[in-house]
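Results of the structural survey
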Amino acid sequence: MNIITLKMTLRGVKPPVWRRLVMPGTMTLGDLHEAIQAAMGWHDCHLHAFDVEGEQFGDRHSVDDVADENRVSLNGLLRSPVVRFAYIYDFGDNWQHAIAFEKSEPAVERGAYPVCIAGKRNCPPEDCGGVWGYQEMLAILADPSHPQYAERVEEFGDEFDPDEFALDVTNAALASRFRMKIAAAR
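Quick look at the structure, then. (Residues numbered from 1 in each chain as written. Predicted model: local features only at pLDDT ≥ 70, side-chain atom pairs only at ≥ 80, totals over all residues. Heavy atoms only, no water.)

Inspection of the secondary structure puts His97 in strand β7 (residues 95-106). Those residues within four positions of His97 in sequence are excluded, and the remaining contacts are Thr9, Leu10, Ile36, Met40, Trp42, Phe85, Ala86, Tyr87 and Tyr89. Separated by 3.2 Å, the side chains of His97 and Trp42 make a polar contact. A distance of 3.4 Å separates a polar side-chain atom of His97 from the backbone oxygen of Trp95. (Helix = DSSP H or I, 4+ residues; strand = E, 2+ residues; numbered from the N terminus. Contact = heavy atoms within 4.5 Å. Polar contact = N/O pair within 3.5 Å; in protein donor to acceptor, adjacent residues only side chain to side chain.)

When the charged atoms of two side chains lie near each other, side chains of opposite charge can form a pair. Counted under the stated rule, the structure contains six salt bridges. For Glu34, the salt bridge goes to Arg177, with nearest N and O atoms at 3.1 Å. Here Arg177 lies in helix α5 (residues 167-185) and Glu34 lies in helix α1 (residues 29-40), a separation of 143 residues in the sequence. (Salt bridge = Lys/Arg side-chain N within 4 Å of Asp/Glu carboxyl O.)

Our next topic: helix α3 (residues 130-141). With twelve residues, α3 should cover 16 Å at 1.5 Å per step; its first-to-last C-alpha distance of 16 Å lies within 8% of that length. On its buried side, α3 packs onto β7 and α4 (149-156). (Expected span 1.5 Å × (residues − 1).)

Turning our eyes to something else, we now look at the sheet that holds strand β5 (residues 67-68). One open sheet accounts for eight strands, arranged β5-β4-β3-β6-β7-β1-β2-β8; its pairing is mixed. The sheet terminates laterally at β5 and β8 (115-120), the two strands that pair on one side only. In this structure, strand β4 (residues 55-58) lies alongside β5, joined through two bridges in parallel fashion. Opposite Gly58, over in β5, you have Asp68 as the bridge partner. Relative to the sheet, α1 contacts β1 (2-10), β2 (18-24), β3 (48-52), β4, β6 (84-89) and β7, its axis offset from that of β2 by approximately 140 degrees. (Pairing = 2+ DSSP bridges. Axes fitted to C-alpha atoms, helices over the stretch in contact; angles between N-to-C directions.)

Our focus in this paragraph is the packing of α3 against α4. Two elements in contact, α3 and α4, have axes whose closest approach is 9 Å; the angle formed by their N-to-C orientations is 115 degrees. The interaxial crossing formed by α3 with α4 has left-handed handedness. Where α3 approaches α4, its residues Gly133, Glu136, Met137, Ile140 and Leu141 are matched on the opposing element by Tyr149, Arg152, Val153 and Phe156. A class-by-class count of the residues in the contact of α3 with α4 yields six nonpolar, one polar and two charged. (Left-handed = near helix turned anticlockwise from the far one by under 90°. Nonpolar A, V, L, I, M, F, W, Y, C, P; charged D, E, K, R; others polar.)

Among the seven residues that make up β2, six are buried, leaving the element largely enclosed by the rest of the structure. Pairing of β1 with β2 involves seven bridges; the strand directions are antiparallel. Counted as the bridge partner of Leu6 is Leu21 from β2. Two elements, β2 and β8, share five bridges in a ladder whose sense is antiparallel. By the bridge assignment, Arg20 is partnered in β8 with Ala118. (Buried < 20%, exposed > 50% of the residue type's maximum accessible area, 1.4 Å probe, protein only.)

Fair warning: the whole summary comes from geometry, so function is off the table for now.
In structure tokens form, the structure reads like this:
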């Protein structure tokens, strides 16, 4: 079995929010969706799609005019000329993630996959208004005298730290999501 290292970067957010994932090449785009949700801290509350060289893949039960994301493996994409593709989450907020293949190598014996090996910064909260709304939210939360400060703290919490990233928490979320997925398949 081979493993593939991918880097996901949330487009339009400065400083960048990114994660580096290692996944089995046999996993599908549907599995990658689940891994992105866990690694980025999203809650899978919205529609999503992958854009691979202009072809859309997604959950055919939820999104019209997409190819089935569960029929395309990461190995299949790796065998094609594709080196980058996009993942769009929440068609309203339009969170666009650039995904790049970095390498493929033999799996480590007894390795648990998928796993996050690196990352930077906290993912924006769900429903904060996309890139523009997130930047506005950060500006408001940085200024306790702002007229909307109390409202935003109530909405998003006063513990949100945009610079925080905890690798152990991310990997616990991945392990939980994929254990649940394996259990559901039995």
